[in-house]
Amino acid sequence: MQAPLLNLIVIRASNPPELAEFYGNMGFEFQSERHGTGPEHLSSHVGGSVFEIYPRTPASADTTAVRLGFIVDSIARVLQRLGSHADIVSAPRISEWGTRCVRRDPEGHKVELLEA
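Residues numbered from 1 in each chain as written. Predicted model: local features only at pLDDT ≥ 70, side-chain atom pairs only at ≥ 80, totals over all residues. Heavy atoms only, no water.

A. Expanded view of the side chain of E107. Counting through the fold element by element, E107 comes out in the loop between β7 (98-104) and β8 (110-115). Since its relative accessible area comes to 13%, E107 is described here as buried. Side-chain polar atoms of E107 contact the side chain of R56, separated by 3.0 Å. Among all residues touching E107, those that are not within four sequence positions of it are A13, S14, N15, L19, R56 and T64. (Helix = DSSP H or I, 4+ residues; strand = E, 2+ residues; numbered from the N terminus. Buried < 20%, exposed > 50% of the residue type's maximum accessible area, 1.4 Å probe, protein only. Polar contact = N/O pair within 3.5 Å; in protein donor to acceptor, adjacent residues only side chain to side chain. Contact = heavy atoms within 4.5 Å.)

Laid out in structure tokens, this is it:
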């Protein structure tokens, strides 16, 4: 049996445009979408996967416990573009997978950056 491939990540935000700007500094490009009568949200299609930011509502589940991980060309360049918009969880350091660091996005999701 072939292992499944990840094709969708959805996180929720109290300020979706601000969060899209944060991830835009990492290289994601977001477009506004709405499916049927669902809420308007922001969507980025990357490498066969979809990364979406939905508005947080009182009835929606909190996604801040989700940890996201992205491979980037240069951690230094990403951190420079992010500037002070990302809280440091762990500074860049060499690991068995490559150089990695963890930041917290403006909504509180932990974001691991890996420079393989």
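Now that the structure has been shown, we can carry on.
B. Examining the layout of surface pockets more closely. Of the volumes computed, that of the largest pocket is approximately 170 Å³. Taken together, L6, I9, F28, V46, G47, S49, V50, F51, G69, F70 and I71 form the lining of the largest pocket. Residue assignment for the lining of the largest pocket shows that the elements contributing at least two residues are β4 (49-55) and β5 (67-71). For the lining of the largest pocket, the class distribution of residues is eight nonpolar, three polar and no charged. (1 Å grid on protein atoms, 1.4 Å probe; cavity = no way out; pocket = protein on both sides within 12 Å on 5 of 7 lines; lining within 4 Å. Points joined across faces, edges and corners; volume = space filled by probe spheres on them. Nonpolar A, V, L, I, M, F, W, Y, C, P; charged D, E, K, R; others polar.)

C. Highlighting the nonpolar core. Ranked by size, the top nonpolar core spans 23 residues in total, and within it Y23, M26, F30, F51, I53, F70 and L113 carry the most contacts. Here L113 is in contact with M26, F70, V72, I75, V78, L79, T99, R100 and C101, once residues within four sequence places are set aside. (Core = buried A, V, L, I, M, F, W, Y, C linked by side-chain atoms within 4.5 Å.)

D. Spatial organisation of the environment of P55. Within the secondary structure, P55 is located in strand β4. When the C-alpha atoms of P55 and S14 are compared, they prove to be 5.9 Å apart, with 41 residues separating the residues in sequence. Excluding anything up to four places from it in sequence, P55 contacts R12, A13, P16, P39, E40, H41 and S60.

E. Expanded view of helix α1 (residues 16-24). Those residues of α1 that fall on the buried side of the exposure criterion are P16, L19, A20, F22 and Y23. Viewed end-on, α1 has its buried residues packed into an arc of 155 degrees, placing them on one side of the element. In this structure, α1 carries P17 and E21 as exposed residues pointing more than 90 degrees from its buried face. Taken together, the buried residues of α1 touch β1 (8-13), β3 (41-46), β4, β5, α2 (75-82) and β8. (Arc of directions from axis to C-beta.)

F. Examining the side chain of S74 more closely. Relative to the helices and strands, S74 is located in the loop between β5 and α2. The class of S74 is buried, set by a relative accessible area of 14%. In terms of polar contacts, S74 uses its side chain to reach the backbone amide nitrogen of R77, at 3.1 Å.

G. Expanded view of the sheet that holds β4. With mixed pairing, the four strands of this open sheet are ordered in space as β1-β4-β3-β2. Edge positions in the sheet fall to β1 and β2 (31-33), since each of these pairs with one other strand and no more. Taking each pair of neighbouring strands and ignoring which way they run, the sheet shows an average axis angle of 30 degrees. Pairing of β1 with β4, which is carried by six bridges, proceeds in the parallel orientation. What sits directly across from I9, in β4, is F51. In this fold α1 packs onto β1, β3 and β4, with an angle of close to 150 degrees to the strand it touches most, β4. (Pairing = 2+ DSSP bridges. Axes fitted to C-alpha atoms, helices over the stretch in contact; angles between N-to-C directions.)

No statement about biological role is implied by the geometric values presented.
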